Amino acid sequence: MATYTVPFVINGEERHAEKTFDVISPSTGKVLHKCGIATEEDAVAAIAAAEVAGEKWRNSTVAERRDIILKAAEIMDKRRDELAGYMMDEVGAQRGWADFNLNLVVDMYKDVAGRVGAIEGTVPPCQPGITSIVVKEPYGVVLAIAPWNASYILGTRAVLFPLAAGCTVVFKGSETAPRTHRAIMSVLTEAGLPKGVVNYIVTDPAHAAPVTEALIANLSVKKINFTGSTAVGRIIAGLAGQHLKPVVLELGGKAPAIVWEDANLDLAAEQTALGAFFFSGQVCMSTERIIVHKKVVKAFQEKLLATLEKMFPSKGEALVLINANGVDKNKKLIKDALSKGASLLNGDINTEESSKTRMRPIVVSKVTPDMDLYKTESFGPSVSLIEVESEEEALRVANDTEYGLSSAVFTEDLRVGLRIARGIETGAVHINNMTIHDETTLPHGGTKASGYGRFNSLPGVEEWVRTKTITWRN
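Thresholds applied
Residues numbered from 1 in each chain as written. Predicted model: local features only at pLDDT ≥ 70, side-chain atom pairs only at ≥ 80, totals over all residues. Heavy atoms only, no water. Axes fitted to C-alpha atoms, helices over the stretch in contact; angles between N-to-C directions. Helix = DSSP H or I, 4+ residues; strand = E, 2+ residues; numbered from the N terminus. Left-handed = near helix turned anticlockwise from the far one by under 90°. Contact = heavy atoms within 4.5 Å. Nonpolar A, V, L, I, M, F, W, Y, C, P; charged D, E, K, R; others polar. Pairing = 2+ DSSP bridges. Expected span 1.5 Å × (residues − 1). Buried < 20%, exposed > 50% of the residue type's maximum accessible area, 1.4 Å probe, protein only. Polar contact = N/O pair within 3.5 Å; in protein donor to acceptor, adjacent residues only side chain to side chain. Salt bridge = Lys/Arg side-chain N within 4 Å of Asp/Glu carboxyl O.

Enquirer: Explain the packing of helix H7 (residues 205-217) against helix H8 (residues 230-242) to me, using residue names and the numbers behind them.
Expert: Between H7 and H8, the least distance of the axes is 9 Å, while the angle of their chain directions is 35 degrees. The handedness of the crossing between H7 and H8 is right-handed. Where H7 abuts H8, its residues Thr212, Glu213 and Ile216 lie against Ile236, Leu239 and Ala240. For the contact of H7 with H8, the per-class residue count stands at 4 nonpolar, 1 polar and 1 charged.

Below is the structure:
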């Protein structure tokens, strides 16, 4: 019986809601704990606390912000076993995926700490007798909304970059990973972050729409960041547009990986397998389409299937998805493809696993544009293999999607790789690496329906400041 209830944190104090919901383990189906259901009143209270705290935080020194952020890196590293446990319980992550998150977040804290002092203004030339300066100021209160899948990476960056720029934050965590996201707050509090600088609330799906709309509509909220599905991103962008508020969006993907005729096929097989099935394919950058040159398609298929058996043995446990809906969605996409002429190269969608949240890796060939799988983001352990004969055809297939987040190219000729990379419509292209690639020094974001704006690096900090022109008569 669950006894712990995940609280909100508003103005540095824990707040327990009147109503709660159960948080279920996707691995076991059992109740882990409960979480409070935030109301519109809680949202308003969180915004008010952030606004008051912002009066001082925007004027904090570079050293103050830097030291808190560095301390957070130290604390997160020290508490990694505890923090990994929350993520493994709530989202069904393996320890490797949890460590991937924690390692990257520790690096993120350190990297951002070094960028706090990099925000600079300019002194543009003006007409005779006039002098001007252009300063960069924090926006103010930021609404940050993060998903469950890469809980620590996506939750931390949602709040860290605005904080570094001098903004205060209302952090709306995921109802699927509320204790994991609450832990981010715990780390920042332990590091010495002042009360009210970040305020944390969560709600359940039934209350998500009115609470989110209340947050976006509030006059004190000046900018928004959202990471999640393209469908919800469109709603967030629409609400932000109604209230004329800027927003940073990192949304869904349908990442292509192009395996060229001169590719190292062992490397390509390894990286595409990882890219497609790491964390059960529940990553926005997951490889969804492997586009292979006709000359090497047979050899590549053999190596890919051998690699899959090694990484995800057929006699081992099936992969865990966040809920049964994810399994159902992937099976439906595969059934549609098979009914229209696709071939199953790996896996069996009719296999009964130990729970309805489990599924084994599926590879489908002969996928064509009339199949739902061709363009729909599966967000699960399914990947399509598509055969091409020319660079033009490879690029046409790669770009034949509404998404544009990440991609990969496998070739031993860097000139070919760069040429193809320039032609792919994605925010990032990784040559001889998998499509899942995120580093704190690299700007991260998408094109087309994968969103706009950037996280990470200096552009990730400068998203949260706006310019102000000041002139005076000499």
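Enquirer: How would you summarise the sheet that holds strand E17 (residues 362-365) if you had to cite specific residues and measurements?
Expert: The strand order E15-E17-E18-E13-E12-E19-E20 describes an open sheet built from 7 strands, whose pairing is mixed. Whereas interior strands pair on both sides, the edge strands pair on one side only; in this sheet they are strand E15 (343-346) and strand E20 (428-431). Looking at each pair of strands side by side, their axes are set apart by 25 degrees on average, direction ignored. Pairing analysis gives 3 bridges linking E15 to E17, with the strands arranged antiparallel. Considered in E17, the bridge of Ser343 is made with Ser365.

Enquirer: Before we move on, can you summarise helix H9 (residues 265-277) with the specific residues and values?
Expert: Taking 1.5 Å of rise per residue, the 13 residues of H9 would be expected to cover 18 Å, and the 18 Å separating its terminal C-alpha atoms lies within 8% of that figure. All buried positions along H9 are accounted for by Leu265, Ala268, Ala269, Gln271, Thr272, Ala273, Gly275, Ala276 and Phe277. Capping the start of H9, Asn264 holds a side-chain oxygen 3.2 Å from the backbone nitrogen of Asp266, two or three residues further along. Downstream of H9 by a residue or two, Phe279 has a phi angle that is positive, lying close to 50 degrees.

Enquirer: Give me the pattern of salt bridges: which residues, what numbers.
Expert: For the structure shown, the criterion picks out 29 salt bridges. Residue Lys34 is joined to Asp22 by a salt bridge in which the shortest nitrogen-to-oxygen separation is 2.5 Å. Here the residue Lys34 occupies a position in strand E5 (residues 31-36), and Asp22 occupies one in strand E4 (residues 20-24), the gap between them amounting to 12 residues. Put simply, Arg157 and Glu250 hold a salt bridge, and the shortest N to O gap is 2.7 Å. Of the two residues, Arg157 is situated in helix H5 (residues 151-164) and Glu250 in strand E11 (residues 247-250); the sequence distance between them amounts to 93 residues. Each member of the pair Arg157 and Glu250 is classed as buried.

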